[in-house]
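Here is how the chains run, residue by residue.
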Amino acid sequence: MYPPSRKDFIALTLSDQHSRSYNNGKHRRQSCWRKWKQLSRLQRSLILFLLALLLICGLLSYPSFSEQWRGMSDRAVREDWDEDWERGLKPVPPGVNPVAGPAGGPAVGLAGVVVGPELGLAVGPGLIPEVIPEPQRPKVPSIPKPPAKKRPFPNKRGPPSLQKERNVSDSLVKPMEKVPVEKVPVEKAEEEEREKPLVRWRGAMIEADEATEPPPSAHEKDAAVPPVPVNPEDTAPLAPVSVNPVDRLEMVREAFRHAWKGYKEFAWGHDELKPVSKSYGEWFGLGLTLIDALDTMWILGLKEEFEEARKWVETELSFSRNVDVNLFESTIRILGGLLSTYHLTGDEMFLEKAKDIGLRLMPAFKTPSKIPFSDVNIGKGTAHPPRWTSDSTLAEVTSVQLEFRELSRLTQDPQYQEVVNEVMRLVHKLPGKHDGLVPMFINTNSGQFTHKGVFTLGARADSYYEYLLKQWIQGGKTEPDLLEDYLEAIEGVKKHLLRTSGPRKLTFVGELNHNRFNPKMDHLVCFLPGTLALGAHNGLPEDHMELALQLMETCHQMYIQMETGLSPEIAHFNLQPYDGRDIDVKPADRHNLLRPETVESLFYLYRFTKDTKYRDWGWDILESFNKYTRVSQSYLYVRQRSASTFTDLLHLITRKTFIG
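Residues numbered from 1 in each chain as written. Predicted model: local features only at pLDDT ≥ 70, side-chain atom pairs only at ≥ 80, totals over all residues. Heavy atoms only, no water.

Trainee: Teacher, can you tell me more about the sheet that holds strand β6 (residues 375-377) here?
Mentor: Strands in a sheet are paired, the pairing made by backbone hydrogen bonds, and the direction either parallel or antiparallel. Judged by pairing direction, the sheet is antiparallel, and its three strands sit side by side in the order β5-β6-β7 without closing on themselves. Strand pairing shows two members of the sheet lacking a second neighbour, β5 (324-326) and β7 (382-384), which therefore form its edges. Neighbour-to-neighbour, the strand axes of this sheet turn through a mean angle of 30 degrees, independent of strand direction. Sheet topology places β5 next to β6; three bridges connect them, and they run antiparallel. Paired with D324 across the strands is N377, a residue of β6. (Pairing = 2+ DSSP bridges. Helix = DSSP H or I, 4+ residues; strand = E, 2+ residues; numbered from the N terminus. Axes fitted to C-alpha atoms, helices over the stretch in contact; angles between N-to-C directions.)

Have a look at this one:
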């Protein structure tokens, strides 16, 4: 038996007919904190988890509730606005037809609201007859647009095409009904008002950052009203705004000068400019930006800037340095830049510098397998693989051939061409390919493919396919192995990597990971439209050009479907057949490295088809770079990638020179 529970307190109750009852039992109640401490750790954790879950759900549901509340408030404000408008607006006299805005500019609607070109009409503040009184607008700062069906972007940024659409849709008004021009009695006018539909102002709004001048006052509007109606035949039709090609050329020059000014002031002679911090960064300490921009300055006719850079190359550039450089990057930027400038200028100094760096890169090919190491010490004459692996990426070891072969042709020294041709012969015979598609890595000791089963035209494999065709053209179309590998690879792409998106049927190139398709396309893959077009131009199958046109449209969509008009580094395509976005961008890929592949392909497509839309697409990309990557001193160069059309032209001219 258990002993009776022991009570260590006395309950005392005091009562009074003039006072409330009192019980000291409430002091014995345990506090909430003591009760919380008495719970087990599991119970406390479970309660905290549920509270956190509720908080997260509340935060996630907040935007939808706020949108609904905003929509309700917007409707209420618009209804008040419509009522005020209906009370203050008079009928429009006949004979007053819509006209364009002043000076051939955008059309202007009531009270100066811009009207979109698709409406084909507008009414300016100076063109409203006197019989129409000033509309009574509600005293609110601005009225947002009605809630759209699609989810709006989180900010006002957007590509140029979308910005134009927003500027139009933000100022739509309904067309006006015609009424007789002669003056009518007040009673008749009121009767007509009841019969005629009134003009309503739906969602008109001028953005704060778009309104450069304050709206005119009521007296200014009255003073601007003409005494007679305007003849519709005298009005100018709306015309799309176009930029003169000469103006575009000057704007490209200005963009380069702006970038070059920042480099000259803060990073002269160094590898890259860091424009935000106004400092510089080094890869190899060899002036990569300066050398890479030499032929660009020559093409743009910037002779003064070119002479300054040439003097630095002649007097300051020395390769006798104890520094490790990457074989691939040094070849395409230093060796390629020097050879390209030599072809444009005929200056022997650039060829001598090219021979110097070419000879210092040769130790990279002294490996057991003849597959070059990735890193070379140009001062000591030694080479080695990266510290973490003995593999080299396939794109790097098969994308130095154009420059080394050209160096042999110019110097009449065959050693450069022999080492790079040996690499291509080895890759041609290697097992492990999948219908012409190759893995991404190759071992420098064994000379065999590694990490098999993954096939992509993106990073680590892209330029292998590009250089197959260009080497074949460069060699006078006399090397059948190169052509065979290229054609087989294109067929492998069609068979295994080519798909179309669900919503808009965009053709794209994905990846194959151990026989599993991944709808992932790197921006690097946008080299393919230009390469396919180049092959078709040189006698390869016509369906290559058809595929090039389809892929070019996809690469263009990767830009214009983004808010900034700039492509992400990687895009994932939607394969489901329902309405929605074709392209999905993961958080880790929401950046642009200012890569040149898309504009390179646009260059080829414009040259081969003469379709000016490709030049216009390139211009839109340049404008987006100007808008979103330009800082006070220079462009925001990332990893020395091209920042605009003028630097993309550098890569195109370099390759075009090498392939004859």
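Trainee: Could you clarify how one ought to interpret the packing of helix α10 (residues 327-345) against helix α13 (residues 401-411) in this entry?
Mentor: The relative placement of two packed helices is expressed as an angle between their axes plus a distance between the axes. Where α10 meets α13, the axes come as close as 10 Å, and the angle between the chain directions of the two elements is 40 degrees. As summarised for this structure, α10 and α13 are arranged oblique, according to the angle between their axes. In this structure, α10 meets α13 at a crossing whose hand is left-handed. Packed against α10, whose contacting residues are L327, T331, I332, L335, G336, L339, Y342 and H343, the element α13 presents E403, F404, E406, L407, R409 and L410 at the interface. Across the contact of α10 with α13, the residue classes break down as eight nonpolar, three polar and three charged. (Parallel < 35°, antiparallel > 145°, perpendicular 65-115°, else oblique. Left-handed = near helix turned anticlockwise from the far one by under 90°. Contact = heavy atoms within 4.5 Å. Nonpolar A, V, L, I, M, F, W, Y, C, P; charged D, E, K, R; others polar.)

Trainee: What's the story with a nonpolar patch on the surface in this structure? I'm lost.
Mentor: The grouping of L46, F49, L50 and L53 at the surface amounts to a nonpolar patch, some 390 Å² of accessible area in total. Looking at the secondary structure, you find L53 in helix α2 (residues 41-88). (Patch = residues over 30% accessible without salt bridge, like charges linked within 9 Å, V, L, I, M, F, W, Y side chains within 5 Å. Areas by Shrake-Rupley, 256 points an atom, 1.4 Å probe, with all protein chains shown as cover. Salt bridge = Lys/Arg side-chain N within 4 Å of Asp/Glu carboxyl O.)

Trainee: Help me out: how do you make sense of helix α17 (residues 528-537) in this one?
Mentor: Helical periodicity: at 3.6 residues per turn, an α-helix aligns residues three or four positions apart in one direction. Most of α17 is tucked away: nine of the 10 residues are buried. Those residues of α17 lying buried are L528, P529, G530, T531, L532, A533, L534, G535 and A536. The secondary structure elements touched by the buried residues of α17 are α15 (462-474), α16 (480-497), β13 (507-509), α18 (543-560) and α19 (597-609). One or two positions beyond α17, positive phi appears at G539, with a value near 95 degrees. (Buried < 20%, exposed > 50% of the residue type's maximum accessible area, 1.4 Å probe, protein only.)

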